[in-house]
Amino acid sequence: MATHLVWFRNDLRINDNLALAAACRDPGARVVGLFIVTSEQWRQHAMSPRQAEFIWQHLHSLRAALAERGIALHIRQVTDFTASLTCVRQFCESEGVDALFYNYQYEFNERERDAALEKSLGQDVVCQGFDDGVLLSPGSVTTGNHEMYKVFTPFSRAFIKRLQEGLPECVAAPRTRGEAVSASESFPFDYPREEVDATLFPVGERAAIAKLREFCLTPAADYPERRDFPAVEGTSRLSPYLAIGVISPRQCLHRLLQEHPQVLEGGAGSTWLNELIWREFYRHLLVAYPKLCRYRPFIPWTDKVRWRQDEAQFTAWQQGQTGYPIVDAAMRQLNATGWMHNRLRMVVASFLVKDLLIDWREGERYFMSQLIDGDLAANNGGWQWAASTGTDAAPYFRIFNPTTQGERFDAEGEFICRWVPELKAVPGKHIHAPWVWADKQRQTLDYPRPIVDHKQARLATLAAYEAARKPENKENEKQRTGTSD
């Protein structure tokens, strides 16, 4: 009897799991699963304790679902990716594995790990990998010159055209393969964990699918009007499930199409589809430009920006004590729940980089240390967009005003009061500049004054970017004209 091994990674589900489905295709094969906790690797990449808890919860859920179908999920713990290779090889030897099935991960280290594993297994174990975590394979949506798009809008158009030509199919969960196996014993998981709010993020594949269905019924159609207002439940909050693969992007697409059949033609639901395509864009970029996995900016000259080192201001930003209410409310939401509204991710990132002039990589790493939906591609892409260092980035001279962002997207301060309760006494329209109101009213607030003047900070940031850009312009001019100093 052949033995097929499914190596689970960021794909903790039984429905629409391409590797699992392929492993189960032979009805006569014995199928086993393996998940490896790489604790030191997770620490190096600053995985948040909440995401670790979410993974731990869903490993229990996945193991139970597989056990009902006669598939045992074995869980091992090692330090890093190098040790994980030894672990897989030893598991294959001890279990007599004939074929290994896994879904691709697109980060550089993960791709190097998988290539090394296939090489080390040689002819002894047949390896099959699948593009499971994306709608379309990286490298399959390119320009007329067969290059990766550097701007999102044309990528999105080409992507939708490909979908119109043929949709990626979902595959069913595997059938029962024999008697149920035990799933009650404990398993190794030596990594810090922190409680997850089950009302926001209920555990389990069924819960994730239910959230997807509920969102696609009506909220997906209302998404364009509601998504930017953090006091409103206008977003899907599916990102934590997508990040660890409890649901797939194909499930999202097909459910969206079922409720809104004209979504590929720009009908209802197309704005949320665009968000799914942004997710794809950042994954395709990781493969095309591996330097993005190594904390390098996409635009080279931006690496010459002279960032400020100010621990006090960085700490104030982390703790939601900047004196800018919308920034502070957003950061407190992140720290308390592990999640932040998408509009606010842009606001707080812009504030750190372009008001405080602190290196975007510091913010990127802090986000990863807190986010329940931590995802290198999306997190790096979002931070480089905000910092104007990435592909399709906002021009460096576009700088969010944190006060007007609050006035525009939380006009009455409903969201701010939820997370910054010390401002509840400030009238709604004044809450975005509370000290202006307090000084006029001769009131004292238990809230910090702004740690930086936005107008002055904006000028300093523009000067820093322009100084970094000048040498590049000078060198380009010399190359163009053939002159030298």
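Above this note sits the structure.
The structure contained in this document is the topic of the report that follows. For clarity, every value in this text was computed on a predicted model and none was experimentally measured.

1. Describing the overall build of the protein
Alright, step 1. Secondary structure assignment for the protein yields 20 helices and 5 strands.
Alright, step 2. A compact globule built from 485 residues would reach a C-alpha radius of gyration of about 23 Å, and the protein, at 24 Å, matches this within 12%.
Alright, step 3. In the protein, which comprises 485 residues, the proportion classed as buried is 54%.
Alright, step 4. The contacts of the protein with a sequence gap of at least 6 include a subset with a gap of at least 24, amounting to 78%.
Alright, step 5. As displayed, the protein offers around 21,700 Å² of accessible surface, 48% of which is attributable to carbon and sulfur atoms.

2. Remarks on the sheet that holds strand 1 (residues 3–8)
Alright, step 1. In spatial order, the strands read 3-2-1-4-5; together these 5 strands make up an open sheet with parallel pairing. Two strands close off the open sheet at either side, each with one partner strand: strand 3 (72–78) and strand 5 (126–130). Sheet twist, expressed as the mean angle between neighbouring strand axes with direction ignored, is 25°.
Alright, step 2. Running at roughly 155° to strand 2 (residues 30–38), helix 4 (residues 81–95) makes contact with strand 1, strand 2, strand 3 and strand 4 (99–103) of the sheet.

3. Side note on the pairing of strand 4
Alright, step 1. Among the 5 residues in strand 4, 5 count as buried, and that is most of the element.
Alright, step 2. Side-chain alternation along strand 4 places Ala-99, Phe-101 and Asn-103 on one buried face and Leu-100 and Tyr-102 on a second face that is also buried.
Alright, step 3. Pairing between strand 1 and strand 4: 4 bridges, direction parallel. Paired with Val-6 across the strands is Phe-101, a residue of strand 4.
Alright, step 4. The pairing of strand 4 with strand 5 spans 5 bridges and is parallel. Pairing of Asn-103 across the sheet is with Phe-130, part of strand 5.
Alright, step 5. Handedness of the strand 4-helix 5 (residues 108–121)-strand 5 crossover: right-handed.

4. Considerations on unusual backbone geometry
Alright, step 1. Not every positive phi belongs to a glycine, and Arg-237 is a case in point at roughly 55°.
Alright, step 2. For Arg-237, the position within the fold is in the loop between helix 8 (219–226) and helix 9 (239–244).
Alright, step 3. The phi dihedral of Ser-388 falls on the positive side, at around 60°, and the residue is not glycine.
Alright, step 4. With respect to the helices and strands, Ser-388 occurs in the loop between helix 16 (376–387) and helix 17 (402–409).

5. Observations concerning the environment of Cys-24
Alright, step 1. Among the secondary structure elements, Cys-24 is positioned in the loop between helix 1 (18–23) and strand 2.
Alright, step 2. For Cys-24, a relative accessible area of 11% gives the class buried.
Alright, step 3. As a C-alpha pair, Cys-24 and Arg-177 span 153 residues in sequence and 8.5 Å in three-dimensional space.

6. A short note on the nonpolar core
Alright, step 1. Counting residues in each nonpolar core, the largest one holds 134 residues, and the members touching the most others are Phe-35, Trp-272 and Trp-317.
Alright, step 2. Ranked by residue count, the leading element in this core is helix 11 (residues 270–288), at 9 residues.
Alright, step 3. When neighbours within four sequence positions are excluded, Trp-272 is seen to be in contact with Leu-212, Phe-215, Cys-216, Tyr-223, Ser-236, Leu-238, Cys-252 and Leu-256.
Alright, step 4. Counting residues in hydrophobic clusters, the runner-up holds 18 residues, among them Leu-34, Cys-92, Leu-121 and Val-125.

7. Considering the side chain of His-4
Alright, step 1. Assignment of secondary structure puts His-4 in strand 1.
Alright, step 2. Residue classification places His-4 among the buried positions, given a relative accessible area of 10%.
Alright, step 3. Aside from chain neighbours lying at most four places away, what touches His-4 is Ala-23, Asp-26, Ala-29, Arg-30, Val-31, Val-32, Ala-99 and Phe-101.

8. Structural notes on the packing of aromatic side chains
Alright, step 1. For the structure shown, the criterion picks out 30 aromatic pairs.
Alright, step 2. Ring plane angle 45° and centroid distance 5.0 Å describe the contact between Phe-155 and Phe-281, whose orientation is recorded as tilted. Highlighted residues: Phe-155 in helix 6 (residues 152–165) and Phe-281 in helix 11, separated in sequence by 126 residues. For the residue pair Phe-155 and Phe-281, the accessibility class agrees, reading buried in each case.

9. Describing the side chain of Asn-17
Alright, step 1. As for its position among the elements, Asn-17 is in the loop between strand 1 and helix 1.
Alright, step 2. A relative accessible area of 0% means that Asn-17 is categorised as buried.
Alright, step 3. Polar side-chain contacts of Asn-17 include one of 3.1 Å to the backbone oxygen of Arg-13.
Alright, step 4. At a separation of 3.1 Å, a polar atom in the side chain of Asn-17 contacts the main-chain amide nitrogen of Leu-20.
Alright, step 5. Here Asn-17 is in contact with Phe-8, Asp-11, Asn-103, Asp-132 and Val-171, once residues within four sequence places are set aside.

10. A closer look at the pairing of strand 2
Alright, step 1. Counting buried positions along strand 2 gives 8 out of 9 residues, so the element sits mostly inside the fold.
Alright, step 2. Across 6 bridges, strand 1 lies against strand 2 in parallel orientation. Bridging from a neighbouring strand, Phe-8 pairs with Phe-35 of strand 2.
Alright, step 3. Following the chain from strand 1 across helix 1 to the adjacent parallel strand 2, one finds a crossover that is right-handed.
Alright, step 4. Here strand 2 pairs with strand 3 via 7 bridges, running parallel. Residue pairing across strands places Val-37 opposite Gln-77, the latter belonging to strand 3.

Conventions used here
Residues numbered from 1 in each chain as written. Predicted model: local features only at pLDDT ≥ 70, side-chain atom pairs only at ≥ 80, totals over all residues. Heavy atoms only, no water. Helix = DSSP H or I, 4+ residues; strand = E, 2+ residues; numbered from the N terminus. Rg over C-alpha atoms; globule rule 2.2 N^0.38 Å. Buried < 20%, exposed > 50% of the residue type's maximum accessible area, 1.4 Å probe, protein only. Contact = heavy atoms within 4.5 Å. Areas by Shrake-Rupley, 256 points an atom, 1.4 Å probe, with all protein chains shown as cover. Pairing = 2+ DSSP bridges. Axes fitted to C-alpha atoms, helices over the stretch in contact; angles between N-to-C directions. Right-handed = clockwise from strand over helix to strand, strands pointing away. Core = buried A, V, L, I, M, F, W, Y, C linked by side-chain atoms within 4.5 Å. Phe/Tyr/Trp six-rings, centres within 6.5 Å; stacked < 30°, edge-to-face > 60°. Polar contact = N/O pair within 3.5 Å; in protein donor to acceptor, adjacent residues only side chain to side chain.

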